[in-house]
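# Per-entry structural report
Listed below are the residues making up each chain.
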Amino acid sequence: MASKEYRIYLPERKMPRHWYNIQADMPTPMQPPLNPSTGEPLKPEDLASIFPMALIEQEMSTERWIEIPEEVLETYRLWRPTPLVRARRLEEYLQTPARIYYKNEGVSPAGSHKPNTAVAQAYYNKQAGVKRLSTETGAGQWGSALAMACSQFGLECTVYMVKVSYNQKPYRRSLMEVYGAQVFASPSTQTAAGRKALEKNPDTLGSLGLAISEAVEDAASRSDTNYSLGSVLNHVLLHQTIIGLECQEQFKMVEDYPDVVIACCGGGSNFGGIGFPFLYDKIREGKETRIIAVEPEACPTLTKGTFTYDYGDVAALTPIINMYTLGHDFEPPGIHAGGLRYHGGSPLISQLYHDGLVEARAYKQLSVFEAALIFARTEGNLPAPESSHAIRAAIDIALECRETGEPKTILFNLSGHGHYDLSAYDLYLSGKMEDYEYPQELIEKSIASLPKFG
Ligand SMILES: *Cc1c(COP(=O)(O)O)cnc(C)c1O
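The structure presented is a predicted model; accordingly, all values stated were derived computationally and were not measured.

On to the layout of surface pockets, then. To find leftover empty space, a probe the size of one water molecule is rolled over the atoms. Of the voids in this model, the largest pocket is the one considered here, and its volume is about 590 Å³. In terms of lining, the largest pocket is formed by 22 residues, of which the most central are Ala 197, Lys 200, Val 314, Asp 329 and Glu 331. At the level of elements, α9 (192-200), α10 (208-220) and α19 (440-447) are the ones that each hand at least two residues to the lining of the largest pocket. No other element matches α9, which puts five residues into the lining of the largest pocket. Taken together, the residues of the lining of the largest pocket break down into 10 nonpolar, six polar and six charged. Roughly 500 Å³ of volume is contained in the second largest pocket. Along the wall of the second largest pocket there are 31 residues; nearest its centre are Leu 47, Ile 50, Phe 51, Thr 318 and Pro 319. Of all the secondary-structure elements, those providing two or more residues to the lining of the second largest pocket are α1 (44-47), α2 (53-60), α10 and α11 (234-240). Residue composition of the lining of the second largest pocket, by class: 22 nonpolar, six polar and three charged.

So this is what it looks like as structure tokens:
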């Protein structure tokens, strides 16, 4: 049984050398993405104006293990392997027989799991001779991760930051600028998509879908620039599997194995990252691990969305992908887990959820912040509001174990720290935060405008 450690450190030399590609093992392969202008399945050339070929190949690959380049491993070593932590004080507080572990991705330079893919993407773009990357960011975590990675590889970086976060989280913008990036509030006047949105509604708070349109337009219109996406796409989830692969080694060190694996789910990258290696064991070795995605009630993509072809952005510039979606013109309310405000989801996770291999649940933000405070006051770490969705689910399952007496092993991903989210914590502590559930009528209205393809 588990030893007495709190923090389970993997020696650097045991860091995984390959990423795991779930496309090799999916019982139902995902439906192909479609070209937005022809409606035909996407060809590698269709993406070549915004992505380097190495990433396009990973996007479409069905090879199971993909080698991590040495330069990427070298950069990962700035903060990896990350600790797996046994949350003994949380267990004690909950009086649960469950063993709770969390993987702490908040220790990265940018404070979240996102540098795992940012570093890989910057590397492959540099190799391809690209000079500049454009991207969007919601809450600012992705923008700061990419800005950090670009500074490591000597690339320029331009970030379109959703306006609600640009106003709410000025320090995230400062961090991106420290790393040398140029940051615009989206919608901006830099792009046609941004100008059109401002004309329609000058007071719009923006959305991730709209910021994506701006960043894609920027990259497509300049030959020295590529686009970089922080979630949703297959190659992003691939790079994130280092999280789950490290966890597996760490569990071996303490002779334990999770019954439940939990992560919050926006575009799905930290969920896929921790979950896919365990899903491999489930698909190939018949393990009965429950793998649970947690999302906000205010943006309930998996739990209330429709599984169908939709665009990834508001301006309909991106490929059309088969996924759970709330509709590409869905404008999520300004909840405080900014990283979870996206209308769609990863096509890989959507297919796996559709096939019943992973579960999903949704929580309202007050209960999420309640869990965040319990965690901060027992374990000492301040969690990101996004990650706190996973904490809520872990606590609920640990409390069920208290009822049934089952000593389950629960693993959740602490996808990031909450040091830039203190204004949201202030609001919660002052009793002014409100719950929000997205109205069913609005979901139906947005679904009605889905593209007629597929
Ligand atoms: C971006 C982000 C998320 C959500 O993105 P996924 O792709 O779903 O992982 C969750 N947690 C943190 C800390 C983030 O920065």
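Looking now at the sheet that holds strand β4 (residues 84-86). Sheet strands line up and pair through hydrogen bonds in the backbone, either parallel or antiparallel. Here seven strands make up an open sheet; going across it, the order is β1-β4-β5-β15-β10-β11-β14 and the pairing mixed. Two strands lie at the open edges of the sheet, namely β1 (7-8) and β14 (359-363), each paired on one side alone. Relative to β4, β1 runs antiparallel, the two sharing two bridges. By the bridge assignment for β4, Arg 7 is matched with Val 85.

A word on the environment of Pro 32. As for its position among the elements, Pro 32 is in the loop between β2 (18-20) and α1. Between the alpha carbons of Pro 32 and His 235 there is a distance of 14 Å; along the sequence they are 203 residues apart. Setting aside residues no more than four positions away along its own chain, Pro 32 makes contact with Pro 41 and Tyr 309.

It is worth spelling out unusual backbone geometry at this point. Peptide bonds are, in most cases, trans, and in most cases residues other than glycine have a negative phi. Cis geometry is adopted by the peptide bond preceding Pro 81, which originates at Arg 80 and carries an omega value of -5 degrees. Along the chain, Pro 81 falls in the loop between α3 (70-76) and β4. The omega angle of the peptide bond from Ser 186 to Pro 187 is 5 degrees, so this bond is cis rather than trans. Mapped onto the elements of the fold, Pro 187 is located in the loop between β8 (182-186) and α9.

Within the structure, the ligand sits among 18 residues, and Lys 114, Ser 231, Gly 266, Ser 269 and Ser 415 are positioned closest to it. In this structure, Gly 268 approaches the ligand through a main-chain N or O atom, which is 2.8 Å from an oxygen atom. One of the side-chain nitrogen or oxygen atoms of Asn 270 is found 2.7 Å away from an oxygen atom of the ligand. In isolation the ligand has 380 Å² of accessible area, and contact with the protein removes 97% of it. Classifying every residue of the shell around the ligand gives four nonpolar, 12 polar and two charged.

We now examine the sheet that holds strand β6 (residues 132-137). Strand order in this open sheet of four strands is β8-β7-β6-β9, and the pairing throughout is parallel. The open sheet terminates on both sides in strands that have one partner only, identified here as β8 and β9 (225-227). Adjacent strand axes in the sheet meet at a mean angle of 25 degrees, parallel and antiparallel pairs treated alike. Both β6 and strand β7 (residues 156-162) contribute to a ladder of six bridges, which runs parallel. Across the sheet, Ser 134 pairs through a bridge with Thr 158, a residue of β7.

With that settled, the discussion passes to the packing of helix α6 (residues 141-153) against helix α8 (residues 170-178). For the pair α6 and α8, the least separation of the axes is 8 Å and the interaxial angle reads 10 degrees. The orientation of α6 relative to α8 falls into the category roughly parallel. For the pair α6 and α8, the sense of crossing is left-handed. Residue-level contacts link Gln 141, Gly 143, Ser 144 and Ala 147 of α6 to Arg 172, Leu 175 and Met 176 of α8.

In this section: the packing of aromatic side chains. One pass over the full model with this rule turns up 20 aromatic pairs. For the ring pair Tyr 257 and Phe 278, a centre distance of 5.6 Å and an interplane angle of 70 degrees mean the geometry is edge-to-face. Here the residue Tyr 257 occupies a position in the loop between α12 (242-253) and β10 (260-264), and Phe 278 occupies one in helix α13 (residues 269-285), the gap between them amounting to 21 residues. The rings of Tyr 101, Phe 251, Tyr 257 and Phe 278 are connected pair by pair, giving a single aromatic cluster. Of note, Arg 88 hangs over the ring of Tyr 6, and the distance from its end group to the ring centre comes to 5.9 Å. The ring of Tyr 166 has Arg 173 lying over it, and the distance from NZ or CZ to the ring centre is 5.1 Å.

The next thing to look at is the nonpolar core. Grouped together as the largest cluster of nonpolar side chains are 90 residues, with contacts concentrated most on Trp 19, Tyr 76, Tyr 227, Phe 276 and Leu 411. In terms of residue count, the dominant contributor to this core is α6 (eight residues). Contact partners of Leu 411, with chain neighbours within four places excluded, come to Leu 84, Tyr 101, Tyr 102, Lys 103, Cys 247, Phe 251, Pro 258, Val 260, Val 261, Ile 262, Ile 274 and Phe 278. Judged by nonpolar contacts, the second largest core, of 27 residues, contains Val 260, Ile 262, Ile 391 and Leu 414.

This part covers α19. All buried positions along α19 are accounted for by Ile 443, Ser 446 and Ile 447. When α19 is viewed along its axis, its buried side chains cluster within an angular range of 100 degrees and face the same direction. Away from its buried face, by an angle of more than 90 degrees, α19 presents the exposed residues Glu 441 and Lys 445.

What counts and how
- Residues numbered from 1 in each chain as written.
- Predicted model: local features only at pLDDT ≥ 70, side-chain atom pairs only at ≥ 80, totals over all residues.
- Heavy atoms only, no water.
- 1 Å grid on protein atoms, 1.4 Å probe; cavity = no way out; pocket = protein on both sides within 12 Å on 5 of 7 lines; lining within 4 Å.
- Points joined across faces, edges and corners; volume = space filled by probe spheres on them.
- Helix = DSSP H or I, 4+ residues; strand = E, 2+ residues; numbered from the N terminus.
- Nonpolar A, V, L, I, M, F, W, Y, C, P; charged D, E, K, R; others polar.
- Pairing = 2+ DSSP bridges.
- Contact = heavy atoms within 4.5 Å.
- Near = heavy atom within 4 Å.
- Polar contact = N/O pair within 3.5 Å; in protein donor to acceptor, adjacent residues only side chain to side chain.
- Areas by Shrake-Rupley, 256 points an atom, 1.4 Å probe, with all protein chains shown as cover.
- Axes fitted to C-alpha atoms, helices over the stretch in contact; angles between N-to-C directions.
- Parallel < 35°, antiparallel > 145°, perpendicular 65-115°, else oblique.
- Left-handed = near helix turned anticlockwise from the far one by under 90°.
- Phe/Tyr/Trp six-rings, centres within 6.5 Å; stacked < 30°, edge-to-face > 60°.
- Lys NZ or Arg CZ within 6 Å of the ring centre and 35° of its normal.
- Core = buried A, V, L, I, M, F, W, Y, C linked by side-chain atoms within 4.5 Å.
- Buried < 20%, exposed > 50% of the residue type's maximum accessible area, 1.4 Å probe, protein only.
- Arc of directions from axis to C-beta.

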